[in-house]
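Chain by chain, the residues run as shown.
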Amino acid sequence: MIIKSLSDKKTLEQTALKIRLNIIREMKSNKGGHIGGSFDLAEVLSVIYNDFLRIDVKKPKSLDRDFMILSKGHAGPALYATLALKGIIPDSQLDNLNNINSLLPGHCDRNKVLGADASTGSLGQGLSIAAGVALGAKIKNSDQRIFCITGDGESAEGQIWEAAQFASHHKLDNLISFLDFNNMQIDGTVEEVMSLGDPVKKYQAFGWNAVEVDGHDVVAIQNGIKKAIENKNNKPTMIVLKTIKGYGAKCITEMKNNHCIGLSDELLEKIMNELNQQAKILEMEVH
Ligand SMILES: Cc1ncc(C[n+]2csc(CCOP(=O)(O)OP(=O)(O)O)c2C)c(N)n1
Ligand SMILES: [Mg+2]
């Protein structure tokens, strides 16, 4: 499999910052939402959409496209932020998140959002959908890649492990999945609510290739995906992303619970100060 030339670190980090800025635009219009679990996906989405997801932005529903299924559907705002940057959905939609008549519901809805490849939000289902699409691609002899992002709290769902077993049984090496391993879920740490143990060992035991990488290191993520594509050993791949929920703004990561929060003017100002400082370092103009 030939891999096109990959983006440099700065480009990927700039995209990650643009994703966070777009998320904040969405949150502003909704006066809050799932900021923590959306912010921590900015790096992985930047790498997937800049370098690996082969889609024609003019035909995002084309059947031979690569698929990206956001199984932790409450992070929909992170996906929409990326789709707007890629020109798949209009940028103006970001100013109307989760309101009546909005085309961007809080959770992913494939019937409303162009580029959302599955309707998710009921946790545990996305990996099964991704595995089904990956099996379909195998049956068609298509070289499509199927990407999927799951959560660590989500991994308490039994269906995740049925999908893991199914994907290895069917040798779905076209399935590249991620686990957002931030050790946080809705109302506590994963450790206290339902410990996940060592997900790398678990997925390996299920017959997957599995590695852990720093989920905020764009180059490490890029290398992980590259290896998954090159690795033709008939196994699906799980890239465990060691992340910090809310990463990108210290004022969010320092909150005891940043799962679904209101966005006051004061908090908005604090977040924007931090993002503007990062923009200066990355030599970006923020409007
Ligand atoms: C089947 C199901 N059960 C419960 C919920 C409620 N819920 C929404 S988000 C969430 C926590 C998910 O944790 P995790 O996967 O770690 O995502 P993160 O909070 O890290 O973004 C829960 C329990 C749900 N959406 N679906
Ligand atoms: Mg989590």
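Just so it is clear, the structure is predicted and the values come from calculations on it, not from any experiment.

Asker: Could you give me a rundown of the nonpolar core, with the residues and numbers involved?
Answerer: Ranked by size, the top nonpolar core spans 61 residues in total, and within it Ile48, Met68, Phe178, Ile225 and Ile271 carry the most contacts. The dominant element in this core, judged by the number of residues it contributes, is helix 1 (residues 9–30), at eight residues. When sequence neighbours within four positions are dropped, the list of residues in contact with Ile48 reads Leu53, Met68, Phe147, Ile149, Phe178 and Ile225. The next biggest cluster of nonpolar side chains, apart from the first, holds 26 residues, and it includes Ala118, Leu172, Leu175 and Val200.

Asker: Go over the coordination of the magnesium ion (ligand 2), please, and point to the residues and values.
Answerer: Every protein donor of the magnesium ion (ligand 2) is listed here as Asp152 (OD), Asn182 (OD1) and Met184 (O), and their distances to the metal cover 2.1 to 2.2 Å. Going along the chain, you hit the donors of the magnesium ion (ligand 2) in the pattern D-x29-N-x1-M. Here Asp152, found in the loop between strand 3 (146–151) and helix 6 (158–169), pairs with Asn182, found in the loop between strand 4 (175–181) and strand 5 (184–185); they are 30 residues apart in sequence, far enough to count as distant. Both residues of the pair, Asp152 and Asn182, belong to the buried class.

Asker: Describe the pattern of salt bridges, naming the residues involved and giving the relevant values.
Answerer: Using the criterion set out here, one finds twelve salt bridges in the structure. With its nearest N and O atoms 3.5 Å apart, the salt bridge here joins Glu13 to Lys9. Of this pair, Glu13 and Lys9 are both found in helix 1, four residues apart, which corresponds to roughly one turn of the helix. The salt bridge partner of Asp143 is Arg54, with a shortest N-O separation of 3.5 Å. Of this pair, Asp143 sits in the loop between helix 5 (126–139) and strand 3 while Arg54 is found in the loop between helix 3 (42–52) and strand 2 (67–70), placing the two residues 89 residues apart along the sequence. Owing to a relative accessible area of 47%, Asp143 belongs among the partly exposed residues under this scheme. Judged by its relative accessible area of 32%, Arg54 falls in the partly exposed class. Bridged by salt links that share partners, the residues Arg25, Asp91 and Asp95 form one connected network.

Asker: Any details on the sheet that holds strand 8 (residues 237–242)? Residues and values, ideally.
Answerer: Across the sheet, which stays open at both edges, the five strands sit in the order 2-3-4-8-7 with parallel pairing between neighbours. Either end of the sheet is taken by a strand with one partner, and the two such strands are strand 2 and strand 7 (209–214). Across the sheet, the mean angle separating the axes of adjacent strands is 20 degrees when strand polarity is ignored. As paired elements, strand 4 and strand 8 share six bridges and run parallel to each other. Across the sheet, Phe181 pairs through a bridge with Lys242, a residue of strand 8. On top of the sheet, helix 5 reaches strand 2, strand 3 and strand 4; it is set at about 165 degrees to strand 3, its chief contact.

About the cut-offs
- Residues numbered from 1 in each chain as written.
- Chains lettered and ligands numbered in written order.
- Predicted model: local features only at pLDDT ≥ 70, side-chain atom pairs only at ≥ 80, totals over all residues.
- Heavy atoms only, no water.
- Core = buried A, V, L, I, M, F, W, Y, C linked by side-chain atoms within 4.5 Å.
- Buried < 20%, exposed > 50% of the residue type's maximum accessible area, 1.4 Å probe, protein only.
- Helix = DSSP H or I, 4+ residues; strand = E, 2+ residues; numbered from the N terminus.
- Contact = heavy atoms within 4.5 Å.
- Donors = N, O, S within 2.8 Å, 3.2 Å for Na, K, Ca; no water.
- Salt bridge = Lys/Arg side-chain N within 4 Å of Asp/Glu carboxyl O.
- Pairing = 2+ DSSP bridges.
- Axes fitted to C-alpha atoms, helices over the stretch in contact; angles between N-to-C directions.

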